[in-house]
Amino acid sequence: VVGTDIDEMSLEVARKNAALDLSENRELGEIQFENAPPDRWGASFDLVIANILEGTLKELAAPLSRALAPGAALCLS
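Predicted model only: the values in this text are computed from it and were never measured.

Glancing now at the pattern of salt bridges. If you walk through the whole model with that rule in mind, you get five salt bridges. The shortest N-O distance in the salt bridge between Arg-15 and Glu-8 comes to 3.2 Å. Take Arg-15: its relative accessible area is 29%, and that puts it in the partly exposed class. The class for Glu-8 is partly exposed, based on a relative accessible area of 44%. Glu-54 is paired through a salt bridge with Lys-58; the nearest N and O atoms lie 3.2 Å apart. With Glu-54 and Lys-58 both in helix H2 (residues 54–59) and four residues apart, the pair spans about one turn of that helix.

Reading the values: the criteria
Residues numbered from 1 in each chain as written. Predicted model: local features only at pLDDT ≥ 70, side-chain atom pairs only at ≥ 80, totals over all residues. Heavy atoms only, no water. Salt bridge = Lys/Arg side-chain N within 4 Å of Asp/Glu carboxyl O. Buried < 20%, exposed > 50% of the residue type's maximum accessible area, 1.4 Å probe, protein only. Helix = DSSP H or I, 4+ residues; strand = E, 2+ residues; numbered from the N terminus.

This is a description of form; function is not addressed.
Printed below as a string of structure tokens:
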């Protein structure tokens, strides 16, 4: 699982929340948080969720698409 954001404070909050979740549920595995574009890891994700503003979704359309593995799902809101 990878989470990306351009805001360092958002990444820190996500890390803290993930640590709380992992302390109660070890089955979640490792979660990585980065200030990186969504396609940094190539087409390797079966599911990509982007919960951001419309303008930013349009700007990230290509990187979000490139992050998807064949047959993957993209959820936008």
